[in-house]
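Chains, contacts and geometry: an overview
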Amino acid sequence: RRWLRQHECVEKLNMHAILSASAGQELLLTELLVTYAKIPVLIGELISVEIWKHKVFPVLCRLEDFKPRSTFPIYVVLHHEASIINLLETVFFYKEICESAEDSILDLIDYCHRKLTLLAARSTNGQIVTPTELCSEDLASPSSMQKQAETMEFEISLKALSVLRFITDQVESLPLSALTRMLNSHNLPCLLVELVEHCPWSCREAGKLKKFENGAWHVVPPEDQVKMTKLDGQVWLALLNLLLSPECQRKYHFDGFNKSQLLKLRAFLTDVLIDQLPSLVELQRFLSHLAVTEPAPPKKDLVLEQVPVIWDHLLKKNAGKWEAIAKHQVKSVFSPTEEELKLQAHRWAQTYSLDMMEALAPDKPRCGMCGVEAAKRCSRCRNEWYCTR
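The text that follows walks through the structure, step by step, so that each part is easy to find.

What counts, and where the lines are drawn
- Residues numbered from 1 in each chain as written.
- Predicted model: local features only at pLDDT ≥ 70, side-chain atom pairs only at ≥ 80, totals over all residues.
- Heavy atoms only, no water.
- Pairing = 2+ DSSP bridges.
- Helix = DSSP H or I, 4+ residues; strand = E, 2+ residues; numbered from the N terminus.
- Core = buried A, V, L, I, M, F, W, Y, C linked by side-chain atoms within 4.5 Å.
- Buried < 20%, exposed > 50% of the residue type's maximum accessible area, 1.4 Å probe, protein only.
- Contact = heavy atoms within 4.5 Å.
- Disulfide = S-S within 2.5 Å.
- Axes fitted to C-alpha atoms, helices over the stretch in contact; angles between N-to-C directions.
- Salt bridge = Lys/Arg side-chain N within 4 Å of Asp/Glu carboxyl O.
- Phe/Tyr/Trp six-rings, centres within 6.5 Å; stacked < 30°, edge-to-face > 60°.
- Lys NZ or Arg CZ within 6 Å of the ring centre and 35° of its normal.

1. Here's the deal with the pairing of strand 3 (residues 216-219)
As paired elements, strand 2 (residues 208-213) and strand 3 share four bridges and run antiparallel to each other. Its bridge partner lying in strand 3, Phe 212 is registered against Trp 217. The antiparallel pairing of strand 2 with strand 3 creates a hairpin that spans two residues between the two strands, and Asn 214 there sits at a positive phi of about 55 degrees.

See below:
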């Protein structure tokens with residue numbers, strides 16, 4: 001019950017963040033998250049649910065004597081990861097949020113790397129979550145929940161891409177260990193090249209091109225097929241941040257393999273693409289220069305490097321206990337009585353009620369001079385609003 005209350009709070013925070021961002025008033029929420037040091041807490045919770053999905057959830061689905069009255073409680077746990085990553089995607093646009101993550105930023109980088117590696121591997125093997133698969137399963141049994149979890153995993157991975165891009169926006173202020181983790185431990189530039197090459201959010205079905213955007217697959221009309229999507233933009237912006245930053249260029253090892261992978265990008269840098277994102281001209285120049293030069297290898301300084309701890313700590317703490325945890329949760333969490341199910345459903349309905357939405361929605365901004373509703377915000381301080389110029 002304590003965990004369910006915590007999930008409700010995360011869900012309300014997530015809704016508040018979305019409503020605030022749409023109204024351009026997300027500063028108060030970000031300040032509160034920074035002041036109360038909640039970003040490391042959210043990252044820890046995110047990784048906890050990820051481990052549960054990998055270690056406990058498969059055991060639950062294999063238990064022959066587990067015949068739940070409803071799979072709703074399991075769905076809530078699966079949905080918890082999606083809620084947290086969506087909240088982080090909304091707030092990580094701000095430098096202060098990124099800095100407030102402190103050492104847990106390494107754990108978040110590792111999390112994003114795991115998600116993007118899985119995304120790239122599935123797209124390389126042709127295992128794309130297609131529109132047909134999204135609605136092919138009902139949620140009547142734990143085994144069918146695995147399909148729902150895979151579908152959710154795809155959307156979570158796309159959110160992780162956005163979070164990673166926001167982290168790369170702050171390469172100048174990130175700790176040295178974070179840069180080393182992204183460039184050398186995980187070789188993110190080459191992973192991003194894979195995503196450009198195979199484009200997991202795009203597929204062909206019955207001769208029609210479909211792209212995944214805003215949570216759904218859409219048929220792309222012929223005139224829009226060369227149009228850059230938001231997800232395409234996130235990959236290109238992350239590449240710009242990682243390859244053009246002087247500090248990243250100094251640390252990254254441009255060996256034969258890395259160089260050959262990066263030069264694949266030149267085939268995708270068409271005039272049509274550059275017209276949509278003009279800053280890609282700089283990347284095009286950099287790649288042309290890279291093709292005819294041999295960059296100096298990075299200096300091998302003796303560095304005491306920080307390592308992420310949350311994932312390893314949870315795995316070591318619970319090693320060999322996963323089946324026991326699953327059986328305990330079957331009895332204590334995932335086999336609620338009919339009354340408990342009704343109570344949970346009622347609380348869930350309350351969380352998403354219109355009254356709750358209105359309570360979470362921020363007040364409309366008002367002009368600092370005359371007090372009427374304002375549509376424009378000061379580009380310098382980002383706090384004051386005004387109704388006219």
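2. Observations regarding the nonpolar core
Ranked by internal contacts, the top residues of the largest apolar core, which has 101 residues, are Phe 92, Ile 105, Leu 108 and Trp 236. The element that contributes the greatest number of residues to this core is helix 9 (residues 142-168), accounting for 12 residues. Setting aside residues no more than four positions away along its own chain, Leu 108 makes contact with Ile 43, Leu 46, Leu 88, Phe 92, Val 163 and Ile 167.

3. Structural notes on the pairing of strand 1 (residues 202-205)
Pairing of strand 1 with strand 2 involves four bridges; the strand directions are antiparallel. Residue Ser 202 lies in a different strand from strand 2, and its bridge partner there is Lys 211. The hairpin turn running from strand 1 into strand 2, its antiparallel successor, is two residues long, and Ala 206 in that turn takes a positive phi close to 55 degrees.

4. Thoughts on the state of the cysteines
Across all of its chains, the model carries zero disulfides by this definition. Cys 203 takes part in no disulfide bond, and the closest cysteine sulfur to it belongs to Cys 199, at a distance of 9.8 Å.

5. Focus on unusual backbone geometry
One non-glycine residue, Glu 102, lies in positive phi territory at about 55 degrees. Summarising the element assignment, Glu 102 is placed in the loop between helix 6 (95-100) and helix 7 (104-124). Despite not being glycine, Asn 214 has its phi angle at roughly 55 degrees, a positive value.

6. Considerations on the sheet that holds strand 1
Ordered by their spatial adjacency, three strands build an open sheet running 1-2-3, and the pairing between neighbours is antiparallel. The two strands at the open ends of the sheet, each matched to only one other strand, are strand 1 and strand 3. Going from strand to strand, the sheet's axes swing by 35 degrees on average, the running direction of each strand aside.

7. A closer look at the pattern of salt bridges
Throughout the structure, instances matching the rule amount to 17 salt bridges. Close ionic contact of Glu 247 with Arg 250 constitutes a salt bridge, the shortest N to O distance being 3.0 Å. Note that Glu 247 and Arg 250 are positioned in helix 13 (residues 246-251) at a spacing of three residues, about one turn of the helix. Residue Lys 327 is joined to Glu 323 by a salt bridge in which the shortest nitrogen-to-oxygen separation is 3.4 Å. Of the two residues, Lys 327 and Glu 323 both sit in helix 18 (residues 322-332), four residues apart, roughly one turn of that helix. Within the structure, one salt-bridge network assembled from shared partners comprises Lys 53, Glu 81, Lys 115 and Glu 153.

8. Overview of the packing of aromatic side chains
The relation between two aromatic rings is expressed through the spacing of the ring centres and the mutual angle of the planes. Counting across every chain of the model gives nine aromatic pairs. Ring plane angle 70 degrees and centroid distance 5.4 Å describe the contact between Phe 212 and Trp 217, whose orientation is recorded as edge-to-face. An identical accessibility class is assigned to Phe 212 and Trp 217; each is buried. Connected via pairs of aromatic rings, a cluster forms that spans Trp 52, Phe 57 and Phe 334. In this structure, Arg 114 is placed above the aromatic ring of Trp 311, and the distance from its NZ or CZ to the ring centre is 3.9 Å.

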